[in-house]
Amino acid sequence: MTESDRLAGRNLDLRLGASVHTSDGHHAGTLQRIVVDAESWDPRALIVRETNWFSGRTLAPAAGMMVAEVIVPLGAIAAAGPDGIRLSLDKRETRALPPYLSYQYKPLERGDTLRFAAALAGGSLGVGPMFPLLEEVADKPAGEIEIRHGENVMIGHGGDKLGTVQDVLFDEGELVGIVVRATGFFAHDVVVQVRFLDRSDDMALFLRMTPEDVKRLSEAPSQA
């Protein structure tokens, strides 16, 4: 039985931006992204951004922090509703959750060698200080994608944009659809059911629709 199967039948209200608390009452962070299966759209994990206090940043305000998001398995959700998400993990267990993003050095590309040489020479070629080239690597299987607030929602694969993700809608652990802050066609937020979601990636969500389909929907009278 998968984690999404275990969620079935539970009244879980998963909303982007929801507060996440530990089982012993500590505010751990906010829900930033939901990782879903790229084929079935079933939820796989929550990505939570820790608060400055919970991550320890408050204790060292002048220090930087490379990782601020952790992976929360679905099985660690005790309850989720309008008041936020409560985990079955206490403070210590939540702080032991794995980070979602790791950072790796990117391979050098054409032109990078010259810029590094200039940096080592004190910037004599007019380039600014050089920093290590890092890339973010999401700690998730290749067959899963993330849905996050502000992500682009594209109409088909022709380059037309419907808007950006505002929220996600779940019913008993099943993705029902997404709320889109539309631009152009609609003057208000719209709900896009999961049936319209096409194969997507971590750069954008794609709809199984054409601009003509969206235009007809925008002109159709709303029903109560």
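Given the structure is predicted, the values throughout are model-derived calculations rather than measurements.

Q: I'd like to hear about the packing of aromatic side chains, residue by residue, with values.
A: This model, assessed by the stated rule, comprises one aromatic pair. In this arrangement the basic side chain of arginine 95 is found over the ring face of tryptophan 53, its NZ or CZ atom lying 5.1 Å from the centre.

Q: Explain the sheet that holds strand β10 (residues 152-155) residue by residue, including any values.
A: Across the sheet, which stays open at both edges, the five strands sit in the order β13-β12-β11-β10-β14 with mixed pairing between neighbours. Looking at strand neighbours, the two that pair on one side only are β13 (189-193) and β14 (204-207), the edges of this open sheet. Here the strands of the sheet are splayed against their neighbours by 40° on average, with no regard to which way each runs. The pairing of strand β11 (residues 160-171) with strand β12 (residues 174-182) spans eight bridges and is classified as antiparallel. Looking across to β12, one finds that threonine 164 is bridged to arginine 181.

Q: With reference to specific residues and values, describe the confidence of the model for the protein.
A: Per-residue confidence for the protein averages 76 on the pLDDT scale, and 69% of its residues sit at or above 70. Within the protein, strand β1 (residues 19-21) carries the highest mean pLDDT (97), whereas strand β7 (residues 101-105) carries the lowest (48). The model gives residues 123-132 a pLDDT under 50, and that stretch makes 12 contacts with residues more than four places away or in other chains.

Q: Could you give me a rundown of the pattern of salt bridges, with the residues and numbers involved?
A: All told, the structure shown has 10 salt bridges when counted by the stated rule. In this structure, glutamate 144 and arginine 44 form a salt bridge, with 3.9 Å as the shortest nitrogen-oxygen distance. Of this pair, glutamate 144 sits in strand β9 (residues 144-148) while arginine 44 sits in strand β3 (residues 43-50), placing them 100 residues apart in sequence. Overall, the relative accessible area of 14% leaves glutamate 144 in the buried class. According to the relative accessible area criterion, arginine 44 is partly exposed, its value standing at 26%. The salt bridge partner of glutamate 146 is arginine 148, with a shortest N-O separation of 3.0 Å. Residue class for arginine 148 comes out partly exposed when judged on its relative accessible area of 23%. Connected through salt bridges with shared partners, the residues Arg33, Arg49, Glu69, Glu146 and Arg148 form a single ionic network.

Q: Any details on the pairing of β12? Residues and values, ideally.
A: The hairpin turn running from β11 into β12, its antiparallel successor, is two residues long, and glutamate 172 in that turn takes a positive phi close to 55°. Sheet topology places β12 next to β13; five bridges connect them, and they run antiparallel. Paired with valine 180 across the bridge in β13 is valine 190.

Q: If you had to explain the environment of isoleucine 77 to someone new, which residues and values would you point to?
A: Mapping isoleucine 77 onto the fold places it in strand β5 (residues 77-81). Overall, isoleucine 77 belongs to the buried group, its relative accessible area being 3%. Sequence separation of isoleucine 77 and threonine 22 is 55 residues, and the distance between their C-alpha atoms is 9.6 Å.

Q: Can you tell me about the side chain of glutamate 50, naming the residues and giving the values?
A: Its place among the elements puts glutamate 50 in strand β3. Residues contacting glutamate 50, with those up to four places away along its chain left out, are Ala28, Gly29, Ser55, Ala68 and Val70.

Q: Can you break down empty space enclosed by the protein residue by residue, with the values?
A: Throughout the structure, instances matching the rule amount to one cavity of 30 Å³ or more. A volume near 40 Å³ is recorded for the largest cavity. Considering the residues around the largest cavity, the lining is formed by Val20, Ala28, Val48, Glu50, Val70, Val72, Leu87, Thr94 and Leu97. Elements represented by at least two residues in the lining of the largest cavity include exactly β3 and β4 (69-73). Among the residues forming the lining of the largest cavity, the class breakdown is seven nonpolar, one polar and one charged.

Parameters and conventions
- Residue indices begin from 1 for each chain and proceed along its sequence in written order.
- Since the coordinates come from a predicted model, pLDDT governs what is reported: local features require at least 70, and pairs of side-chain atoms require 80 or more to be given and counted, while whole-chain, interface and lining totals use all residues.
- Hydrogens and waters are ignored; side-chain quantities use all the structure's heavy atoms.
- Planes of paired rings set the category: under 30 degrees apart is stacked, over 60 is edge-to-face and the rest tilted, where pairs are Phe, Tyr or Trp rings (Trp by its six-membered ring) whose centres lie within 6.5 Å.
- Only when the NZ atom of a Lys or the CZ atom of an Arg is both within 6 Å of the ring centre and within 35 degrees of the ring normal do we say a charge sits over the ring.
- We call two strands paired when DSSP finds no fewer than two bridges between them.
- Helix and strand assignments follow DSSP, with helices taken as H or I runs no shorter than four residues and strands as E runs no shorter than two, numbered in order from the N terminus.
- Comment: axis = line fitted to C-alpha atoms, over the contacting stretch for helices; angle = value between 0 and 180 degrees taken between N-to-C directions.
- The quantity called pLDDT is the predictor's confidence in a given residue, expressed from 0 to 100.
- Throughout, a contact is declared for two residues whenever any of their heavy atoms are within 4.5 Å.
- Criterion for a salt bridge: a side-chain nitrogen of Lys or Arg within 4 Å of a carboxyl oxygen of Asp or Glu.
- We call a residue buried when its accessible area falls under 20% of the maximum for its residue type, exposed when it is over 50%, and partly exposed in between, using a 1.4 Å probe and counting protein chains only.
- Definitions used throughout: a 1 Å grid over protein atoms alone; a cavity as a set of points that fits a 1.4 Å probe which cannot get out; a pocket as an open set with protein on both sides within 12 Å along at least five of seven lines; a lining residue as one with an atom within 4 Å of a point.
- Grid points are joined across faces, edges and corners, and a volume is the space filled by probe spheres set on the points.
- Under the grouping applied here, Gly and all other residues not named as nonpolar or charged are polar, the nonpolar ones being Ala, Val, Leu, Ile, Met, Phe, Trp, Tyr, Cys and Pro and the charged ones Asp, Glu, Lys and Arg.

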